[in-house]
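Here's the letter readout for the chains.
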Amino acid sequence: MAWLQLQALAAVLALVAANGVSHGFEFHEATVEAIHLGFSNGSLTSTALVQFYLDQISRLNPLLRAVIEVNPDALRQAARADAQRASSGGQLTGGLHGIPVLLKDNIATLDALNTTAGSLALLGSVVKRDAGVVVRLRQAGAVVLGKANPSEWSNFRTVDSGWSARGGQSLNPYVLSSTPCGSSAGPGVAAAANMAAVTLGTETDGSILCPSSWNSIVGIKPTVGLTSRSGVIPITPRQDTVGPMCRTVSDAVQVLDTIVGYDAFDAEATGAASKYIPAGGYLQFLKQDGLRGKRIGVPNGFFQGYREAELRVYQQHLDTMRNHGAVVIENLDVAANLTALAVDIASNEFMAVRAEFKLSLNAYLADLRYSPVRSLADVIAFNNANPVQERLKDFGQRNLVAAENTHGIGSVERAAIQRLEELSANGLERLMKEQQLDAIVTPNSSASSLRAIGGHPGIVVPAGYGEQGVPFGICFSGLQGYEPRLIEIAYAFEQATNVRRAPMFKP
Ligand SMILES: *[C@@H]1O[C@H](CO)[C@@H](O)[C@H](O)[C@H]1NC(C)=O
Ligand SMILES: *[C@@H]1O[C@H](CO)[C@@H](O)[C@H](O)[C@H]1NC(C)=O
Ligand SMILES: *[C@@H]1O[C@H](CO)[C@@H](O)[C@H](O)[C@H]1NC(C)=O
Ligand SMILES: *[C@@H]1O[C@H](CO)[C@@H](O)[C@H](O)[C@H]1NC(C)=O
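Residues numbered from 1 in each chain as written. Chains lettered and ligands numbered in written order. Predicted model: local features only at pLDDT ≥ 70, side-chain atom pairs only at ≥ 80, totals over all residues. Heavy atoms only, no water.

Looking at an unreviewed UniProt entry, one finds the chain named Amidase domain-containing protein and attributed to Lolium multiflorum.

See below:
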């Protein structure tokens, strides 16, 4: 887009962003907690809330392209939530009841919305049932607001660009000339720009934490299996996970609390991970003094390539953690040679994932009630037949073809998976156990693969803004099931630093 056009739009959007106060309720940057208060003191209805986000979407989406579809049923769902709250005598003002949630477009809904991972190939496909996480959202009385724009095939195709054939190119609402990272670009942008109350993204290796960093929001990448992957267009069940992308830690934890748990359609992983879910849920870990006594490690090598100004900010953040009672241990090593580790992980991860992707995508497509494509081979043929719409010249489909050329999990793939397990055990897991760490801290989403290969969780919190105004984040990671202490750390850090501000729509 031409620079002058961007500048004019930026001026309009800055005005739009300043609006949003009415009837005493401040819609702009509203938290789940504020929404609960608004519901119970009568200054807010779910209908008004949904209408606010629908208006935001119709104003901002032509530029930001964060949303692919809005739910034609959203206002009806909101009215139902309002009626339920009224007839409950105000009892129903907790959790996500009546709260609009935007879903990444690879999360299936059995309703008027399409589920396509941003690809035209899946347009018109019909799922048999809601995704496991959507079942939980509906049980909680949340409103399904619509589908958010992913990087197509959730980054197995258009890596990190935030582009999809159906949604177009998402832009970063802070600096319009920059992309928002992917693959959960749409949820990240929509949360940042107040186009939804809360959103859900998915991650295989960095896809929640990267766009969260770049859009100054909080992203939780849960332990694999903590949240069901049933009904989610897959990359690999070994690494895929569904998690919240929201404006505050507290909002993200509200969402996490709602979506975790056993699902018969993802029985093995959710069954194994349910031991990590604490009695009483996750809200109890939103503690002001959550940094106190925590052992936080700073592994070497991840801060390389950062500008002096950014490094100073990160250093200040470490001081803040210390000032709030954390034991921050610098100068730790994940591996004797981090570059060599990264190379080892990348090659084995790709080896494993391309075979797993073919198997799991074919299983997803075969299970649809109706679909124009029934296999990865069909998808590749579709892209070849529609090269302009699918931008084959720009993005190609090399990874899709490499996946198609695999033949299940053979000896090569088994060796790769075993190698990944060793690298995880001797890397992040060894370091955390040796040093008895509660978390490691790294910038942006830079340690994504370390978490990905072990199914380990991470939380990104806004950390600062670069010279041009592009946000950056800070990530706290732990071992499987460490969500309670990561939440304590992330919440206390957020309360102490308060870095997030609403986007400025700079050109
Ligand atoms: C109700 O709560 C909202 C949200 O915190 C607040 O903005 C508003 O001023 C309150 N209104 C009344 C009438 O108490
Ligand atoms: C789903 O896709 C169809 C095209 O196949 C379109 O007509 C319909 O409007 C889409 N649904 C929504 C809610 O946008
Ligand atoms: C960290 O992320 C920000 C965007 O969020 C980006 O501008 C910056 O270059 C990143 N730093 C590195 C070293 O990757
Ligand atoms: C670390 O590994 C990289 C990649 O394998 C290699 O190029 C480099 O020489 C190694 N560095 C050291 C200090 O061994």
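What follows picks up the thread again.
**Q** Got a minute to help me understand the environment of Y491 in this structure?
**A** You can see Y491 is positioned in helix α17 (residues 483–497). Its relative accessible area of 14% is what places Y491 among the buried residues. Taking the C-alpha atoms as reference points, Y491 and T248, 243 residues apart in sequence, are found 8.5 Å from one another. With residues up to four places along the chain from it excluded, the contact list for Y491 reads V249, S250, L286, K287 and Q288. (Helix = DSSP H or I, 4+ residues; strand = E, 2+ residues; numbered from the N terminus. Buried < 20%, exposed > 50% of the residue type's maximum accessible area, 1.4 Å probe, protein only. Contact = heavy atoms within 4.5 Å.)

**Q** It is not clear to me how a nonpolar patch on the surface should be interpreted in this structure. Could you clarify?
**A** A cluster of nonpolar side chains, namely L110, V126 and Y370, defines an oily patch on the protein surface of about 270 Å² accessible area. Under the relative-accessibility criterion, Y370 is labelled partly exposed at 47%. (Patch = residues over 30% accessible without salt bridge, like charges linked within 9 Å, V, L, I, M, F, W, Y side chains within 5 Å. Areas by Shrake-Rupley, 256 points an atom, 1.4 Å probe, with all protein chains shown as cover. Salt bridge = Lys/Arg side-chain N within 4 Å of Asp/Glu carboxyl O.)

**Q** Looking at this structure, how should I read the nonpolar core?
**A** A general feature of soluble globular proteins is that nonpolar side chains tend to end up buried together. Among the nonpolar cores identified, the biggest contains 130 residues, and L200, M321 and F476 are the most heavily contacted of them. Among the elements that take part in this core, helix α3 (residues 46–64) stands out by supplying nine residues, more than any other. Counting twelve residues, the second largest nonpolar core, distinct from the first, contains A192, I217, V460 and Y465. (Core = buried A, V, L, I, M, F, W, Y, C linked by side-chain atoms within 4.5 Å.)

**Q** Sorry, what's going on with the state of the cysteines here?
**A** The tally for this structure, following the rule as stated, stands at one disulfide. The thiol sulfur of C246 is not disulfide-bonded, and the nearest other cysteine sulfur, from C475, lies at 15 Å. C475 forms no disulfide, and the closest cysteine sulfur to it belongs to C210, at a distance of 11 Å. On the accessibility criterion, C475 (0% relative accessible area) is buried. (Disulfide = S-S within 2.5 Å.)

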